[in-house]
Every structure is written in structure tokens, then in C-alpha cells.
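# Structural characterization, general
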2 protein chains.
Amino acid sequence: MRMAELSGRSGVPIPTIKFYLREGLLAPGVRTSPNQADYADTHVRRLALIRALLDVGGLSVATTRTVLDRLDDPDADPDVSLGKVQYSLTSPATADADALARVDDLIRRLGWQVRAANPARISLADALTALGRLGRDDVLAALDRYADAVHAVADVDVALVVGRPTPDDQAETMVVAMVLGDALLAALRRLAQEDVFNRRA
Amino acid sequence: MRMAELSGRSGVPIPTIKFYLREGLLAPGVRTSPNQADYADTHVRRLALIRALLDVGGLSVATTRTVLDRLDDPDADPDVSLGKVQYSLTSPATADADALARVDDLIRRLGWQVRAANPARISLADALTALGRLGRDDVLAALDRYADAVHAVADVDVALVVGRPTPDDQAETMVVAMVLGDALLAALRRLAQEDVFNRRA
């Protein structure tokens, strides 16, 4: 299909599609003349994924490119690639050593099988450092209860991923479940909080 | 205390403190001379909260100012103010009518007591629209399971909030639990996913 049809079917304006092409988020179409190219159904699908990552997931263009590159890497071992997609969605900083030790204690106490390379260890340590700085021992004391509830969320995530037929499908599901999932869970959490408050009142 | 001591105790550099003062995130100290002011313990605590919202929570300066203004509003009814703090942490857009109807169906089906004014309805509808565009009926079908797991998270949130002695404390806990909570839960979720994957393998 031509770019005009791609725009119509995806709902993405032509200038925006050109921006995604320039930024390397969308693969070029097959050239049919010096200023025309042919696009396929995979482009429609990819545009939906790009918009989801940018608009709903709130990822930057650079992070979106990294995630899509991981998805498209033909040499990736499917199992390794799922982990890589997951890891590329977490932006690690440097963590305080005490907070990191606290995270590792938690992981050990829960018996979770998690590699030291998982960057979410550092993200979690950063959150714990901020809580410690605010003197919020009550929130720190609730960590195990939060972890139990979140493990039930991860069960749903993983069931969705392994339910997909092909490694490509699984990797895309991982991205969707992670990025849209964060937005979706944050929204559900705000609704559930109001419900819990109202029931107590 | 002088600004140098405030900087030392909070760990926030002086130029950054001056930026927060200019941006209206931090209340001015009490002037003791034309170029000196006196700061209190409340300033140390507020700096920790500002850093948590900006650095760990990833909020913009403008959103952080809105949240802090809500916290500081002396006329706020405590119950209303908790809702307002929660609402100000959710940035609503315009939602697709079908997706919004789907959200309201979900809320009804779950029996959750949620007001129509809760902006998280719109955030959730946006996530559902993106999933629909990606053809992810499998994720949409998992909504009820996600909702159940997230309700358990909200139980912990609300227990932390109502466990605080004063309305001010409760409002601050709401902010901390919401903003740091999103970061903390996202990190826990990534760790839990790896655990679930490893147990299946």
C-alpha cells in the first residue's frame, strides 16, 4: 500500500509517519519509484506498537528505538531476548549500597529467582533510598505485602507471554504487557484505592 | 539553620535548593538579613519529598508544584484533599467513548465504588484503546485478573494512609504511596516476572 493508505489504516498522520521513518522507529517501505514506496500490513501493526509505546507508555523516542531494535534482532535467542526486552525497559541509575543490600535481602527472603543483572534491583533500591530519606519506615515495612500482591500481577503477565504461539509474538507481548501494563496498572490502582477508601468510609 | 546547613542535612546542593525556591516548590525561609534566611526542619523534610517526586517518581516540575500546592492548602477538607491529591497525580487526556464504556462496565462488574470524576477512568480507557489497536484481546481478557491483583495493592496503600495520625501526614503518605509506589511496584513487577519465568523454565 502507499503511504496515504498506511496513514488512513493506522490513523497516524503522514508527517508523523515520516518522522518515525527518519528516527528509525519504522522500517522503510519497498521503493517502487524515486518518491514512492510500498508498505505492508506489518507496517500498520508496527505503527500501533510505536504509538502505544510513545503515547500510552510514555517512553522516549530513544527508548522506543532500543526496545524495537531488541524486538527485531534476528539473532536473539527467544528466552534471552525476552529478558533483554524486559531489561531495556528499565532505566537503571546508580544505587546506594545499603539499599541494594536491602533489595537482595528481600529477594532472598521471598525466595525469588532473580539474576543480579536485573536492572529493576537498582530501580527498587532507588525507591527504597527515597523512602528512607523521607523516614517512611511504614512503607518499607509494607514491602513484603506489596511484593506478594505484585507477584500475582506477574503471574498474569507471564501467562499472557507464554500463551503466544511464536517467539516474535512473545517478545511483542512482553513489550505490550510491560509498557502498557505499567499505565494500565497505575490507572487500576487509582480506581481500586478509591474503592477501598469508600468501603472504609 | 542557614542554607549551607540545609544543603548539608538534605544532601541537596545549594544551586538546586535555589532552583526549587525560584520554582515555588520550596517555601522561602524567614529572612534574617538582606541576603540571609533561616530554614527549619520542615524544609529538610520537604526537600526529601521534592527529590522523591522529581527523581524517583519522575514527575515534572509543574506536576510536583500542583501536588505540593494541594498538600499545603490549609482550607482543604482532609477527605476531599486525599482525593484531590490522588486526582492531581493522574493526567487525563480525552478518551474514546467505547473504551470508556468498557471501563465503566469493568467497574460495575467488579462492584467498585468509584466516582465518574476519577481521572484514572480516562487513563485506563486510553490504555484499553491502545491494546485494542494492537489487537491484544488476550490482554483485554486478562483485565479482571489484573484488577483483582491490583486491589490487593490498593489495600496496602490505604492501610498505610489511614494508619497515619494527622490529615497532613495522611496526605503526604498518599503522595508517597502513589508516586514512589508506582516506581516501586514497576520494579517489583520486573523482579517478580523474572522469578515466574525462571520457575516455569
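This text follows the structure it describes.
In this text, all values refer to a predicted model and were calculated from it rather than measured experimentally.

## Description of the overall build of chain A
A tally of helices and strands in chain A yields ten helices and two strands. Tracing chain A from N to C terminus, the helices and strands come up as α-α-β-β-α-α-α-α-α-α-α-α. Considering only contacts in chain A between residues 6 or more positions apart, those separated by 24 or more positions represent 59%. For chain A, the exposed surface amounts to about 9200 Å²; the carbon and sulfur share of it is 51%.

## Digging into the relation of the copies chain B and chain A
Least-squares fitting of chain B to chain A yields an RMSD of 0.1 Å, with the transformation described by 0.0 Å of translation along the axis and a rotation of 180°. Taken together, these values place the two copies in the relation of a two-fold axis. Of every C-alpha in chain B, the one belonging to Ala149 of chain B sits nearest the axis of rotation, 2.9 Å from it. When you check the interface residues of chain B against chain A, 100% turn up at the interface there too, and the contact is symmetric in its surfaces.

## Considerations on the nonpolar core
Among the nonpolar cores identified, the biggest contains 131 residues, and Tyr146, Leu184 and Leu188 of chain A together with Tyr146, Leu184 and Leu188 of chain B are the most heavily contacted of them. Among the elements that line this core, the one with the most residues is helix 10 (residues 167–200) of chain B, at 16 residues.

## So, the pattern of salt bridges
Evaluated as defined, the whole model comprises 24 salt bridges over all chains. Residue Arg121 of chain A is joined to Asp104 of chain A by a salt bridge in which the shortest nitrogen-to-oxygen separation is 2.9 Å. Of this pair, Arg121 of chain A sits in helix 7 (residues 120–133) while Asp104 of chain A is found in helix 6 (residues 97–110), placing the two residues 17 residues apart along the sequence. Take Asp104 of chain A: its relative accessible area is 25%, and that puts it in the partly exposed class. One salt-bridge network, held together by shared partners, links Asp157 and Asp182 of chain A together with Arg189 and Arg190 of chain B.

Rules used in this analysis
Residue numbering note: each chain is counted from 1, following its sequence as written. Chains and ligands are labelled sequentially in the order written, the chains with letters from A and the ligands with numbers from 1. Totals for whole chains, interfaces and linings use all residues, but because this is a predicted model, local features are given only for residues with pLDDT of at least 70 and pairs of side-chain atoms are given and counted only at 80 or more. Where side-chain values are given, they derive from all heavy atoms of the structure, hydrogens and water being excluded. Only DSSP runs of H or I covering at least 4 residues are called helices, and only runs of E covering at least 2 are called strands; the numbering of each starts at the N terminus. Two residues qualify as a contact provided that any one of their heavy atoms is within 4.5 Å of a heavy atom in the partner residue. Only the protein chains shown count as cover for residues, and the accessible areas themselves come from Shrake-Rupley with a 1.4 Å probe. Superposing copies: least-squares fit, C-alpha atoms only, residues required to have pLDDT of at least 70 in both. Only buried residues count toward a nonpolar core. Its members are Ala, Val, Leu, Ile, Met, Phe, Trp, Tyr and Cys residues joined through side-chain atoms within 4.5 Å. Throughout, exposure labels follow a simple rule: accessible area from a 1.4 Å probe, protein chains only, divided by the maximum for the residue type, with under 20% read as buried, over 50% as exposed, and the rest as partly exposed. The term salt bridge refers to a pairing of a side-chain nitrogen on Lys or Arg with a carboxyl oxygen on Asp or Glu at a separation within 4 Å.

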